[in-house]
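Each chain, written out:
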Amino acid sequence: MLAINVNHQQGHYPIYIGENLLNNPSLLPVKAGDKVMIVSNPTVASHYLPTVRGTLESLGCKVRSCLLPDGEQYKTLEYLDKIYQALLSENYGRDCLLVALGGGVIGDITGLAAATYQRGVRFIQIPTTLLAQVDSSVGGKTAVNHPLGKNMIGAFYQPQAVIIDINTLQTLPPREFSAGFAEVLKYGIALDAEFLAWLETHFEAIWALSPDALKQTVARCCQLKAEIVARDEREKGERALLNFGHTFGHAIESQQGYGNWLHGEAVATGMLLALALSASNAEGVKKGVTSQDFQRIKTLLQRANLPVQPPEAMTAEQFLTFMQRDKKNLAGKIRLVLISTLGHSYVTSDVPESAIKATLSAFSQ
């Protein structure tokens, strides 16, 4: 088992990465008599809820569960309220613990419930998808979506622990695994060129679900994110780099309707759009990305069965409409994460909308 420490303003918490961790009671920050609410969805619950419940009950916890429908389209205030109803109906107080058992949707909505129920209760993340394991479960970003924008209602709220059992990836559908791999690639492209090269070399082992390759993959992503969160917990600066590909990607998700494009699929195309802009001669762009770099990443995304073109009917004007609502924007300007060279990224508000539109238009031709 690997362990990574995440430091934040109020303290720190561990990320555990390994096999067969769901039935390891020593990893759970609970004691006898604790009231625990496990939030999951029916798909994940059918595989893992009995094990997690049994481990908690073996420690003397009172355990209940709240199952939400499966899908990004249910990450809303309406379904957040389902968690509040479950907690209130069981008279759970401020000393209760929430457990997010599932992918990024479950982790985000459970985290927001924990941040707001009785002004804040404890929670832990048990991510069961690759995307959640390498990204959304770490760092304390919690949110629900709004029809006008993704993750617009939320809070920064850190978990007590993150428990990553890579065995859960054995039951993950191939499309979901591919979507998670987009977030893995994000770290290499934006932050660590050596990791990017390692991913290329070990691609087949990762796709074969080799335990060693998966543990190393997840651990490096978590380490990179933990280091950035420690320096910039509330995304005042450097943490925005973790949104590489997301400004374009969130626009796709919002315009297409949540759940029609998986988050990782939208980010994959968003990264290519950002790379294309990074390789352009537009004002505000640092020169360094080449057409060979672009093709290298496009090839990797294609190997991972990820989309490399935006939705056919989505216009540049539609992209810009949603990008203008992005949370990173300041003073009415679109802020983008671009690449100077592979492994090095930067945030800029200096690229004119005409250049963004030109990139989008060229991509759709």
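Residues numbered from 1 in each chain as written. Predicted model: local features only at pLDDT ≥ 70, side-chain atom pairs only at ≥ 80, totals over all residues. Heavy atoms only, no water.

A separate point is the packing of aromatic side chains. Each aromatic ring pair is described using two quantities: the centre-to-centre distance and the angle formed by the ring planes. Going through the model one piece at a time under the given rule, you end up with 8 aromatic pairs. Aromatic side chains phenylalanine 177 and tryptophan 207 sit 4.9 Å apart centroid to centroid with 85° between the ring planes, which places their arrangement in the edge-to-face category. Here the residue phenylalanine 177 occupies a position in helix α5 (residues 174-191), and tryptophan 207 occupies one in helix α7 (residues 203-207), the gap between them amounting to 30 residues. Residue classification places phenylalanine 177 among the buried residues on the basis of a relative accessible area of 5%. Of the residues examined, tryptophan 207 reaches a relative accessible area of 26% and is grouped as partly exposed. Where phenylalanine 203 meets tryptophan 207, the ring centres are 4.8 Å apart and the plane angle is 10°; that geometry is what we call stacked. (Phe/Tyr/Trp six-rings, centres within 6.5 Å; stacked < 30°, edge-to-face > 60°. Helix = DSSP H or I, 4+ residues; strand = E, 2+ residues; numbered from the N terminus. Buried < 20%, exposed > 50% of the residue type's maximum accessible area, 1.4 Å probe, protein only.)

Our focus in this paragraph is the packing of helix α10 (residues 263-278) against helix α13 (residues 353-363). Two elements in contact, α10 and α13, have axes separated by 10 Å at closest approach and are oriented at 120°. As judged from the angle between their axes, α10 and α13 are oblique. The hand of the α10/α13 crossing is right-handed. Contacts from Leu272, Leu273, Ala276 and Leu277 of α10 reach α13 at Ala355, Ile356, Thr359, Leu360 and Phe363. Of the residues assigned to the contact of α10 with α13, the class counts are 8 nonpolar, 1 polar and no charged. (Axes fitted to C-alpha atoms, helices over the stretch in contact; angles between N-to-C directions. Parallel < 35°, antiparallel > 145°, perpendicular 65-115°, else oblique. Left-handed = near helix turned anticlockwise from the far one by under 90°. Contact = heavy atoms within 4.5 Å. Nonpolar A, V, L, I, M, F, W, Y, C, P; charged D, E, K, R; others polar.)

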